[in-house]
Structure formats: C-alpha cells, structure tokens
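Single-letter residue listing:
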Protein chains: 2
Amino acid sequence: MVTIKDIARTLGVSVGTVSKALNGRDDVGDELRARIIDTARELRYEPDPIARRLVTKRSRTLGVFMLDRQGFGVRRNFGWLFLDGILRGAAARDYDLVLFSNTDDTRYERSYIDICRSRRVDAAIIVGLRGDDRYLEDVLNAPIPVALIDTEVSGGTATFVSSDNKAGAALALEHLAFLGHEKVATLRAPFSYPGRLRYEAWAEFAAARGRYRDDYIRDGDFTPESGMAAAAAFASMKDMPTAIFAASDLMAIGLIRGFERLGVRVPEDVSIVGFDDIPNADLVGPALTTVAQDTLGIGQAALDAVLDELDSGSRREEILVAPRLVVRRSCAAPGGAPDFLPEGSPAASRGVRRTP
Amino acid sequence: MVTIKDIARTLGVSVGTVSKALNGRDDVGDELRARIIDTARELRYEPDPIARRLVTKRSRTLGVFMLDRQGFGVRRNFGWLFLDGILRGAAARDYDLVLFSNTDDTRYERSYIDICRSRRVDAAIIVGLRGDDRYLEDVLNAPIPVALIDTEVSGGTATFVSSDNKAGAALALEHLAFLGHEKVATLRAPFSYPGRLRYEAWAEFAAARGRYRDDYIRDGDFTPESGMAAAAAFASMKDMPTAIFAASDLMAIGLIRGFERLGVRVPEDVSIVGFDDIPNADLVGPALTTVAQDTLGIGQAALDAVLDELDSGSRREEILVAPRLVVRRSCAAPGGAPDFLPEGSPAASRGVRRTP
DNA sequence: CTGTTAGCGCCTTCAT
DNA sequence: ATGAAGGCGCTAACAG
C-alpha cells in the first residue's frame, strides 16, 4: 500500500503539502502540484478511506435496513426491489452501502439507529418499518438523516418515501372506465396504510360516478389465498362486477386462479387489475395488467433525500413517486373484446406502459 | 462520542489498560477489568470501528458483489436470492456486508478486488461472475478469500459454490419417470455452464434407458420467449414428447404459455418441469413443478467458506449444495391423471417438497 | 499487572 | 507557497 508518505519522500516534500495538493487546495504551487499528482499516479496511490474517515468523521457509508419480520426474504418481500434504486443512487454519488436485515433476530436486539451509530454510517434507509416496531421512537428521532420506504408510519425527523398510491389506483380505475366498465369492484387490504389509500381512491372514483356499492367491496390480506376466496364470493353474486381492482398483485393473481377454478374467464368474463407489478407478473396466465410501482425511482429518491439532507441540511417530509399503468392481458372491454388502448386513454396520458 | 480516553480519565488509568480490558486480554487485573467494563457501559461507550480497523487492518466487513451486466436488478436476477443466506450467515458471525452491484458502469471501472482492497474488506462473495469478465484474472488471484456463486467459472484461489445441477436434474427426471413418462424431451441452455450440466444429466438419464433422441433436444436461452418457440417446435412433432425438462423456470413457463396458445394442455397433454424455483413460480397457471435451488443454503455456504478461510486458512475448492424437487401442478402421469407422488417415489426419498 | 510510547494514514492549523 | 507538528481513536509493543 502506497501512502502519501511515500510520494512525499520520493519528491522530497512534506506529507502536508502532498495532502493539500491531492485535495485540490489552492495554497500549493502549480508546478509542485502537478508533480505531486503525477507521481501519485505513477505510484498508483490510493487514498485510504479508513484513515480519511477517522479524521473527517464522515464515513461515506449508508446503512440500509431491510425489515422483514415474516422472514420472506428477497424471494417474497417486495421491499427488496427498492434496493436497485438505492444501489444505483449510491454508486452515482460514491457512497457505500452496508446492508442489514432482520430476518433472524440476531441483530434485532439493537435499535437500527444504534447500529448506525456504532457503524458510524452517515445516514440510513429503512424499508418496511412497521407502526408497532419496538424501535419506532428511536427511528423517528434519529440524529442522522433517515428515509423510510414502504412503511406504514411517518412523522418525526424521517423522510417518508412511497408510491403515490391514490394516483396509482386512479390510473387503474380510469383505465377500466375507459375500457367501458361500469361495474367495478375492489378487493382491498384495509389493514395496511397503502391498502387503505388504494381503497379510498376506489371509493372516491366510484362515488363520483354514482357507482359506489358496498357489496362490491371485499377484504383480503395481500395473499393469493385471500384473492381466491374473494373470487368465489364475487362469482356467486347475482350482479357480478365486470372488473375488479385488487389492492395488490398477489391478490389479483389469487382472483385469477380462483376464477379459473370456477370456470370464469379472465379477461373475457371479468377484468382484473392489480397493484405493484411484482416480479414475473407478466408470466402468470393471463399476464397481469397492473399499476407498477417505480421501485427504481423510489429507491433513488430515498437515497437522494438522505444525501441531500446530509449535504444541505434541508429535510423533505414526504416524497410521493408516481406509479404507472402497465397494460397486459388481464383486462378487456366488458363485452369480452380484446384489450386495447387507443390514443387518448386517460391512463395513457398519465404514464401508461404497454408490454406484450 | 465517548472514547477509551474518557473512560481512562474517569477511572484514572491509562488508555492502554482500558483497551486491553475491553478486548479481553488476560494481562489486566480482574477487579480493574470489572470497573473498566462497568464504566464503559455506564458511559455508553462504543468502540469506533473506523479507528480500530485503521490499526488492526481488519474490518470485519465482507464485500458482496451482485454482477448483473444485463441490468436485470433484484426484479429479474435470480442471483439476488442468495443474499438471504449471505445476510443470515453474516449476522450470525457478526460481520457487516457492503454491497456492490454493477447494474450501471460507475464502479465497473475498477476490478472488484481493487474495490475490496480500497474498502479494506476482509473477504468477498461474488455472484454471477462470467467467464469473459474483464477482471476474471484479478478475481481468481485475489489476495483475500473469495467465494463465487452462480458463476460459470471456477479455479484459481476462489471457492466455487453452486447447486448440484446434475443431481437436481436427476431429481426431476426420476420424478417424470416415476409418473410413467418414457418420452421425455429437454429444453436446454447449452451456452451456460449450469445449463450444460443440466443437459448432461438429461442425456445420461435418457441414454441409460435407451431413450436418447436428438429430436427431443431443443435449445433456448433462458428466456420465456425461447420457451414459447420451443413449445411450437415440440407441438409440431409427429411423435411429441409427453414430458419436457426445461433447464430453467423461465423457459418452462415459456413452454407452458406457448402450449397454452396452441391448445395443448399442461399437464394433461404434456408435463413440464423446470429448474430454479424462481419467485412466484407457484402462481403461474398451472403452478410449476420444479427443482428448487437451495438459495439460502448456497448463500450461507459461501459465507461460511470465506470466513472459515479467514479464520483457519483452509480453503475449499468447490461446494455443491443439494437442490430439492418441488412438486406442484405442471406434471401429471402421461394419461393425464392428476399429478401424484405416492410413498416410494425416488424423488421423494431424496428431498422432495410438496406444495399446494 | 499497569503505564508509556509509537504509530495506523490522513488532514489541518500554525509557523516559516 | 511549503513544512512541522498535532491529533482523529485505537492497538500493540515495550517498559516498569
């Protein structure tokens, strides 16, 4: 490992001068600076980040916490998708990421913020924090910048980042309306915060068109099983809806599987639209039309939020990232005509994406 | 931030003694040690990892590289699933993980090993390294312990960790045989190393039973599209196979979608078995029977490998982790009877798992 | 057993 | 414009 001391010695100057030259300070002669930079390159000098952060007190490192009490892991926890955006943003701004997860309880014994303190990370991004978390207080009063993604809580000194759930639901509902659906039901997930927002959008949309009906509301718990149960319930109605807005893809797929089992065709007999755009949602038969969360954008927004706060001290309360509609094959016009999306669709004008 | 200096001062002892006491060295009086530990706790002292690693030259930190030239990200890159096991193992052994990914090229300008050196990480786990990687040489000659997961290369000083692909394929083929299939084709992916192994298992299995046929081999590239193309090819055969072993789930699902479009029913007319158990493979219709990679076990094995090498200096060349068969609904007996798995199935005796 | 001394590699006053 | 010196927080000899 070559150090500034080495380059100082080979040039017969002092380490202080080398440090200044390398850090672009203006109190060093132009000619000397050039020589210093040259030999630094020749010697393949690399500043030691450890030593630097010991004196600067900043680590250029972020803590990322993937909270996952159910132990779903990368495989089944949507929150991991935000990591793409976080990683991309961190790389762009030259920060390192240290990753924590509480799938087991090993590190759950300490508050996330405590972990941050002991690791000397500059800021934290926490995915999936829940309202009853034992360290909630700590997080909301953290002394470092914190962004919360995919969370049911907000407030405190943290920045709340999420999809614009109501806008996203509106996208789906407008699409169904545009296809000609008037009898649009919802499978909601009222126990969760985003679930409630998505439901509210449905309720407002239905009410605005005079189409609000209590019996077009079913409750699920985000699982495919709850979707299958709801399919049976909807199928047994005398006045069955022609389209269903599910508050999550998993439930939407459950609806599809449930209808399939009952001989109800999707999309010919009933259109289904989901929310999230989970991995491989395009591979279930029929490929799912859904509201895609901009996971990349959310991750990046969270990262930018904490780093901006670090740089400028200015904190954002809340960042809502626009989702977009992904039109695939689980929705059709009520008659059973193939799905289509002509110019002028209200959804299209607000960020629709069409995939084969 | 309270330092050892603080606790030394409040106790009227020297920092050296405090350091020793806190690090469990035996050359310090029991009574003094107790008092030191007590006041350390009272002062809520936290050792500064930065300062420590500057002097010890060890960071208790691992570098994890998710290589992903296609930019698939968490959403579509199977390799991310290994992170669960890596995280779990790291938490258990009290190591931190710093995560890198090359979805963009920002950090791709430097060798992964270089990045490790500059970050002073103790060891590295690299997921998805390819044979034509520009830094291959560097990786194979790394001065720190390295584990390679889900990779086409091996050799050098790195530990190679992967699923036992041939054993996994055999599991699938034995299952098909047990169901009564004699005309078993394969959709292979010969351009990849695991793909070749899976194919070899098919070829050996077929040959051993006198059932090897060139026209039961089709080539794909791991995409659903290649599966759909293969479905068309198989469907047009005069002597169509009754079962197909696909070298990946994505291709298996492509086969299903392709057959669906052609009116060939799965599993009534043809059974499909995949490999990997990608997320939501249980949600495609019909739920996919497949060989599940033990992603958790692989991640943990890789982590243990590098840490063991760090501790003991003993390196493993290769670690093969046993996959298991997951029986779902895409396979049936040739006649079209519902799929079943009675006691005594050869697959069952070697780690089958049945899911609804 | 305990204290003293020297750094680890870098940055930053403060002199010169 | 350059150099010398001190220190970030900790560990590791080496003395006593």
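Each chain has its residues counted from 1, running along the sequence as written. Chain labels run from A onward and ligand labels from 1 onward, assigned in the order the entries are written. Local features in a predicted model are, by the rule used here, given only for residues with pLDDT of at least 70; side-chain atom pairs are given and counted only at 80 or more, and totals for whole chains, interfaces and linings are based on all residues. Derived side-chain values reflect all non-hydrogen atoms in the structure, with water molecules and hydrogen atoms excluded from consideration.

This part takes up the overall build of chain A. Where helices and strands are cited, they refer to DSSP runs of H or I of at least four residues and of E of at least two residues respectively, numbered from the N terminus. A tally of helices and strands in chain A yields 13 helices and 13 strands. Computed over C-alpha atoms, the radius of gyration of chain A comes to 26 Å, more than 25% over the 21 Å expected from 2.2 N^0.38 for 356 residues, which places it beyond the range of a compact globule. Seen through its C-alpha atoms, chain A measures out along the principal axes to roughly 90 × 45 × 35 Å. Buried, partly exposed and exposed residues are distinguished by accessible area as a fraction of the type maximum, computed with a 1.4 Å probe on protein chains only: under 20%, between the cut-offs, and over 50%, respectively. Here chain A holds 356 residues, and the buried ones make up 56% of them. C-alpha atoms define the radius of gyration, and 2.2 Å times the number of residues to the power 0.38 defines the globule rule.

Moving on, we get to the domain arrangement of chain A. All names here are of chain A. By convention here, the domain bounds are inherited from an automatic or database domain assignment. Domain boundaries assigned for chain A yield domain 1 (4-47), domain 2 (61-164 + 296-321) and domain 3 (165-293 + 323-354). Relative placement of domain 2 and domain 3: their C-alpha centres are 30 Å apart. Should any heavy atoms of two residues lie within 4.5 Å, those residues are counted as being in contact. Contacts between the two partners involve 11 residues from domain 2 and, on the opposite side, 11 residues from domain 3. Taking both partners together, domain 2 and domain 3 bury about 830 Å²; carbon and sulfur atoms supply 55% of that area. The term buried area denotes the loss of accessible surface (1.4 Å probe radius) that occurs when two parts are joined, taken as the sum for both partners. Area buried by domain 2 at its contact with domain 3 is led by F78, S163 and D164, which between them contribute 59% of it.

Here a residue is considered near a molecule or strand provided that any single heavy atom belonging to it is located within 4 Å of it. Around DNA strand D, 29 residues are found, and the nearest of them are K20(A), D27(A), G29(A), I4(B) and Y45(B). Among all atoms of DNA strand D positioned within 4 Å of the protein, those belonging to sugar or phosphate total 68%. Counting of polar contacts relies on pairs of N or O atoms within 3.5 Å, with two restrictions inside protein: one atom must be capable of donating a hydrogen and the other of accepting it, and residues adjacent in sequence are counted only when both atoms are side-chain atoms. R25(B) places a polar side-chain atom, nitrogen or oxygen, 3.2 Å from a phosphate oxygen of DNA strand D. At a separation of 2.5 Å, a phosphate oxygen of DNA strand D approaches a polar side-chain atom of Y45(B). Put simply, the parts of the chain that give the surface near DNA strand D at least two residues each are α2 (15-22) and α4 (49-56) of chain A together with α1 (4-11), α2 (15-22) and α4 (49-56) of chain B. Polarity classes work like this: nonpolar for Ala, Val, Leu, Ile, Met, Phe, Trp, Tyr, Cys and Pro, charged for Asp, Glu, Lys and Arg, and polar for all others, with Gly in that last group. Class assignment of the residues belonging to the surface near DNA strand D gives a composition of 11 nonpolar, 9 polar and 9 charged.

We now examine the relation of the copies chain A and chain B. Least squares is the method for superposing the copies, and the C-alpha atoms it fits come from residues with pLDDT of at least 70 in both. When chain A is fitted to chain B, the residual RMSD is 0.7 Å, and the transformation amounts to a turn of 179 degrees plus an axial shift of 0.1 Å. Look at the turn and shift together and you get a two-fold axis relating the two. Distance from the rotation axis, computed per C-alpha, reaches its smallest value in chain A at V284(A): 2.0 Å. Both copies present the same face, since 100% of the interface residues in chain A are matched by interface residues at the equivalent positions in chain B.

Another aspect to go through is the protein's contact with DNA strand C. Among the 28 residues in the neighbourhood of DNA strand C, the closest are listed as I4(A), Y45(A), K20(B), D27(B) and G29(B). In the interface set of DNA strand C, defined as its atoms within 4 Å of the protein, sugar plus phosphate atoms amount to 69%. A distance of 3.0 Å separates a phosphate oxygen of DNA strand C from a polar atom in the side chain of R25(A). Among the secondary structure elements, those contributing two or more residues to the surface near DNA strand C are α1 (4-11), α2 and α4 of chain A together with α2 and α4 of chain B. The greatest single-element share of the surface near DNA strand C, amounting to 4 residues, is contributed by α4(A). Of the residues contributing to the surface near DNA strand C, the split by class is 11 nonpolar, 9 polar and 8 charged.

On to the pairing of strand β5 (residues 159-163) of chain A. All names here are of chain A. For β5, the tally of buried residues reaches 5 of 5 residues, placing the bulk of the element in the interior. Criterion used throughout: strands pair if DSSP finds at least two bridges between them. When β5 meets strand β11 (residues 318-321), the two strands line up parallel, connected through 4 bridges. When the sheet's bridge partners are listed, V161 is paired in β11 with I319.

Let us now look at the side chain of R53(B). Residue placement: R53(B) occurs in helix α4. None of His or the chain ends enter the tally, which takes Lys and Arg as positive and Asp and Glu as negative. Any Lys or Arg side-chain nitrogen located within 4 Å of an Asp or Glu carboxyl oxygen qualifies as a salt bridge. Comment: no salt bridge for buried R53(B); closest opposite-charge side chain is D96(B), at 5.4 Å. Every residue in contact with R53(B), bar those within four places of it in the chain, is listed here: I50(A), R58(B), S59(B) and T61(B).

Bringing the nonpolar core into the picture now. What we call a nonpolar core is a set of buried Ala, Val, Leu, Ile, Met, Phe, Trp, Tyr and Cys residues that are connected through their side-chain atoms within 4.5 Å. Judged by nonpolar contacts, the single largest core of 154 residues is most densely connected at L83(A) and L83(B). If we skip the residues at most four places from it in the chain, L83(A) touches V64(A), L99(A), V74(B), W80(B), L83(B) and L99(B). Grouped together as the second largest cluster of nonpolar side chains are 44 residues, F100(A), Y135(A), I144(A) and L136(B) included.

Looking now at the environment of D304(A). Residues and elements named next belong to chain A. Tracing the backbone shows D304 in helix α13 (residues 295-312). The spacing of D304 and A142 is 162 residues in sequence and 18 Å in space, taken between C-alpha atoms. Of note is the side chain of D304, whose polar atom sits 3.0 Å from the side chain of R93.

On to the pattern of salt bridges, then. Going through the model one piece at a time under the given rule, you end up with 55 salt bridges over all chains. Between K166(A) and E200(A) there is a salt bridge whose closest N-O contact spans 3.4 Å. Placement of the pair is K166(A) in helix α9 (residues 165-179) and E200(A) in helix α10 (residues 193-208), with a sequence separation of 34 residues. When its relative accessible area of 33% is taken as the criterion, E200(A) is described as partly exposed. We note a salt bridge from D132(B) to R130(B), for which the minimum N-O separation is 3.9 Å. Overlapping salt bridges bring together R110(A), D114(A), R117(A), R44(B) and E46(B) as one network.

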